[in-house]
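Chains, contacts and geometry: an overview
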Amino acid sequence: MEKVQGEMEIERWERSEEISDAEKKVIQETWSRVYANCEDVGVSILIRFFVNFPSAKQYFSQFKHMEDPLEMERSLQLRKHARRVMGAINTVVENINDSEKVSSVLALVGKAHALKHKVEPIYFKKLTGVMLEVIAEEYANDFTPEAHGAWTKMKTLIYTHMTAAYKEVGWVQYPTATL
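Report on the accompanying structure. (Residues numbered from 1 in each chain as written. Predicted model: local features only at pLDDT ≥ 70, side-chain atom pairs only at ≥ 80, totals over all residues. Heavy atoms only, no water.)

A separate point is the packing of helix H1 (residues 21–35) against helix H7 (residues 145–168). When two helices pack together, their arrangement is given by the angle between the helix axes and by the axis-to-axis distance. Orientation of H1 relative to H7, taken along the N-to-C sense of each, is 95°, at an axis distance of 9 Å. The angle between H1 and H7 places the two elements in the roughly perpendicular class. Two secondary-structure elements touch here, H1 through Glu23, Val26, Ile27, Thr30 and Trp31 and H7 through Glu146, Ala147, Ala150, Trp151, Lys153 and Met154. A per-class count over the contact of H1 with H7 returns 7 nonpolar, 1 polar and 3 charged. (Axes fitted to C-alpha atoms, helices over the stretch in contact; angles between N-to-C directions. Helix = DSSP H or I, 4+ residues; strand = E, 2+ residues; numbered from the N terminus. Parallel < 35°, antiparallel > 145°, perpendicular 65-115°, else oblique. Contact = heavy atoms within 4.5 Å. Nonpolar A, V, L, I, M, F, W, Y, C, P; charged D, E, K, R; others polar.)

The backbone of lysine 118 sits at a positive phi, close to 55°, despite the residue not being glycine. Assignment of secondary structure puts lysine 118 in the loop between helix H5 (99–116) and helix H6 (122–138). Note on lysine 118: relative accessible area 47%, which makes it partly exposed. (Buried < 20%, exposed > 50% of the residue type's maximum accessible area, 1.4 Å probe, protein only.)

Here it is as structure tokens:
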């Protein structure tokens, strides 16, 4: 993979592209409809994530042994985590015009997942990909090609900031987990 020269060498696919003002508006508009159903959408995202990437469940003692999507859907712990995930994304979307706030929020989340939870950073790339799939399916009328392009940039922005937080705390396990 091609490297980009700089303070830290970052693989090109990890660099976030500038999100235009028009794209920020599209992100906020689509998100307002998604966030109106935040818990249900968040649960759908996490269930698909865990079904597609069962190794991700290893980080969740409360529901790591659940295999049945219906059992996951009824799990209060999974619902609580879904609300937290959606809340963090909501904070990023609400503050999309304040790059310092976005960086700060994602750094806090990234550092917590690196230091406290020891989650491999690649899972954030997987999770944001699943998030886009679920939103595109559940909000197909709102998820135009323009919206998809804007959200793809947002997905990259989230992952880039999260991995930067991992690098900042000295994470050295780039990815060794079997996904």
